[in-house]
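Fold and contact review
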Amino acid sequence: QVQLVESGGGLVQPGGSLNVSCVASGRIFSLRRMGWYRQAPGKQREWVASITSSGTTEYADSAKSRFTISRDNARNTVYLQMNSLNEEDTAVYLCSAVISTMSTYSWNTYWGQGTQVTVSS
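Reference entry: report on the structure contained in this document. No experiment lies behind these values; they were computed from the predicted model shown.

What counts and what doesn't
- Counting from 1, residues in each chain are numbered in the order their sequence is written.
- Confidence filtering applies because this is a predicted model: local features only for residues at pLDDT of at least 70, side-chain atom pairs given and counted only at 80 or more, and all residues used for totals across whole chains, interfaces and linings.
- Calculated side-chain values reflect all of the structure's heavy atoms, with hydrogen atoms and water omitted.
- By convention in this document, the label disulfide applies to cysteine sulfur atom pairs within 2.5 Å.
- Strands are runs of DSSP state E lasting at least 2 residues, helices are runs of H or I lasting at least 4, and numbering of each runs from the N terminus.
- Per-residue accessibility, obtained with a 1.4 Å probe over protein chains only, is compared with the maximum for each type, and a residue is labelled buried under 20%, exposed over 50%, and partly exposed between these values.
- A pair is scored as a salt bridge if a Lys or Arg side-chain nitrogen falls within 4 Å of a carboxyl oxygen belonging to Asp or Glu.
- A patch is a set of surface residues, each over 30% in relative accessible area and not in a salt bridge, joined within 9 Å for like charges and within 5 Å for the nonpolar side chains Val, Leu, Ile, Met, Phe, Trp and Tyr.
- Note on areas: these come from Shrake-Rupley sampling with a 1.4 Å probe, and a residue is covered only by the protein chains present in the view.

For the rest of this paragraph, the subject is the state of the cysteines. Here the structure, examined in full by the defined rule, presents one disulfide. Across the disulfide from C22 sits C95; the S-S distance is 1.9 Å. Separated by 73 residues along the polypeptide, C22 in strand 3 (residues 18-26) and C95 in strand 9 (residues 91-101) bring together distant segments of the chain. With a relative accessible area of 0%, C95 lands in the buried category.

Below you can see the structure in the form of structure tokens.
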């Protein structure tokens, strides 16, 4: 009933920038916290950044001063602007959202399939 679809990943050179986005669709009643995670090959999934419905943001230490999370509540979309990328940022970036649906009105966390970000020269 709910889908999260990421886009905007790709190949970028070290020092470059990339903006990934995630759109939530379906029978959505309300959206709370939205966030970005990443998972590199052979590593555990790690949290990158989160944003509440009112716009309060939090960042992992690895993302502070380089990444900016934002959201468009009217479009149920969350963005992650990534600057000064380095090879350690290479990973699949996944978005998550805490959503209440029109069928149950209970809160659950949903995940997208992810978008690949590769930083390489």
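Our next topic: the pattern of salt bridges. All told, the structure shown has six salt bridges when counted by the stated rule. Among the ionic pairs, D61 bridges to K64, the shortest N-O distance being 3.3 Å. Classification of D61 as exposed rests on a relative accessible area of 66%. Across the salt bridge formed by R75 and D72, the nearest N and O atoms sit 2.9 Å from each other. Taking the relative accessible area as the measure of exposure, R75 reaches 56% and is therefore exposed. Take D72: its relative accessible area is 19%, and that puts it in the buried class. A cluster of three or more residues bridged by salt bridges with shared partners is formed by R38, E46, R66 and D89.

Here we come to a nonpolar patch on the surface. Among the surface-exposed residues, F29, M102 and Y105 lie close enough to one another that they form a single nonpolar patch of about 340 Å² accessible area. Positionally, M102 belongs in the loop between strand 9 and strand 10 (107-111). With relative accessibility at 38%, the residue M102 sits in the partly exposed group.

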